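A structural walkthrough
The residues making up each chain are set out below.
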Amino acid sequence: MKKGFVKSKSIIFPVLILSVMMISCVPQKKIRYFQSLAKEDTLNIFEFAPKPDYKLKVGDNLYIKVQSLDEKTYKFFNYEDISRTGNIGYSDANIYLTSYTVNDSGFIQFPFVGKIFVLGLTVDEISNKLQKIIEQYLVETSVIVKLVNFKITILGEVQQPGTYLIYQDRINIYEALAKAGDLTVFSDRNRVVLVRQGQNGAELHRLDLTQKNFLESPYLYLLPNDIVYVEPLRAKQYAFATFPYDLLFSTISTTLLILSYFK
């Protein structure tokens, strides 16, 4: 009997270890991007989806700077920048404080010019509009317009979920996920949810990051205030909630005690 237990010792441990590994592991095909890419494909050419034009909404903030060779003109239009920063350098806080907020009526209040309607316009359209207005009064000026509050939120199965400020005019979802430390092993790349502010409220879009033609999707590029939620795989729920780990560890402990007793 003693020999039987000792003999079975070499079988029990590998079986237990293999069982735990099978439960905790996720198949490699579940954690790959572009899974639809055929093995024999060596070259795939896709035209990136055009960047969607973000149209300003109530509460958005614009950073506007009027450049001019004339020092008096520059100081007049950029007085707030100079008075608050004390120099030409800018910090994120100063840029936000010196930005122009779109009010409930869709206007911003700009020095000398007065109220300008910007609701529903893109940043480029606002820049062109301001340029034409200022050129009626001044020459040799250049207008720079940027959106201050470009932020995205990434939640779910990513390494570093949170809200991220974007300091560029466009970002695609892969770049955004990279900022969040990429997806975890237990993320479901077939079921990524994009929450976007539409004209009639929040819009939910289901994205599949495993398809190679997603590069042509209109949702490849993110817009300000977009929320990306990455759902977990069902394997995670089973591994961490359903599987009776207490029973497994109790069985291992009992087995070890029995084996040590019959040594």
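Calculation criteria
- Residues numbered from 1 in each chain as written.
- Predicted model: local features only at pLDDT ≥ 70, side-chain atom pairs only at ≥ 80, totals over all residues.
- Heavy atoms only, no water.
- Pairing = 2+ DSSP bridges.
- Helix = DSSP H or I, 4+ residues; strand = E, 2+ residues; numbered from the N terminus.
- Salt bridge = Lys/Arg side-chain N within 4 Å of Asp/Glu carboxyl O.
- Buried < 20%, exposed > 50% of the residue type's maximum accessible area, 1.4 Å probe, protein only.
- Contact = heavy atoms within 4.5 Å.
- pLDDT = per-residue confidence, 0-100.
- Phe/Tyr/Trp six-rings, centres within 6.5 Å; stacked < 30°, edge-to-face > 60°.
- Lys NZ or Arg CZ within 6 Å of the ring centre and 35° of its normal.

**Digging into the pairing of strand β9 (residues 201-207)**
- Note: strand β8 (residues 187-198) against β9, seven bridges, orientation antiparallel. Paired with Val193 across the two strands is Arg206, which belongs to β9.
- Where β8 folds back on β9, the antiparallel hairpin that results is connected by two residues.

**Considering the environment of Ser99**
- Topologically, Ser99 is positioned in the loop between α4 (92-97) and β2 (100-101).
- As for Ser99 and Lys146, which are separated by 47 residues in sequence, their C-alpha atoms are 9.3 Å apart.

**Some remarks on the pattern of salt bridges**
- Under the counting rule described, the total for this entry stands at three salt bridges.
- Put simply, Arg196 and Asp226 hold a salt bridge, and the shortest N to O gap is 2.7 Å. In this pair, Arg196 sits in strand β8 while Asp226 sits in the loop between β9 and β10 (227-232), placing the two residues 30 residues apart along the sequence. You'll find Arg196 and Asp226 in the same group, each marked buried.
- A salt bridge links Glu231 to Arg206, with the nearest nitrogen and oxygen atoms 2.6 Å apart. Here the residue Glu231 occupies a position in strand β10, and Arg206 occupies one in strand β9, the gap between them amounting to 25 residues.
- Judged by its relative accessible area of 17%, Glu231 is buried.
- A single salt-bridge network, built from bridges that share partners, covers Arg191, Arg206 and Glu231.

**Some words on the side chain of Ser127**
- Tracing the backbone shows Ser127 in helix α5 (residues 123-135).
- Excluding anything up to four places from it in sequence, Ser127 contacts Val143 and Val145.

**Focus: the confidence of the model for the chain**
- Here the chain shows a mean pLDDT of 77. Residues at 70 or above account for 62%.
- Every residue in residues 82-89 is under pLDDT 50, and counting partners more than four places away or in other chains gives 10 contacts.

**What about the packing of aromatic side chains?**
- Enumeration over the complete set of coordinates arrives at three aromatic pairs.
- A ring pair is formed by Phe107 and Phe117, whose centres lie 5.2 Å apart and whose planes are at 70 degrees; its orientation type is edge-to-face. Here Phe107 is found in strand β3 (residues 107-110), whereas its partner Phe117 is found in strand β4 (residues 114-117), with 10 residues between them in sequence.
- On the accessibility criterion, Phe107 (25% relative accessible area) is partly exposed.
- Between Tyr174 and Phe214, the aromatic rings sit 6.1 Å apart at their centres with planes inclined by 80 degrees, giving edge-to-face as the arrangement. With Tyr174 in helix α6 (residues 173-179) and Phe214 in the loop between β9 and β10, this residue pair connects regions lying 40 residues apart in the sequence.
- Directly above the ring of Phe107 sits Lys115, whose terminal nitrogen or CZ lies 5.0 Å from the centroid.

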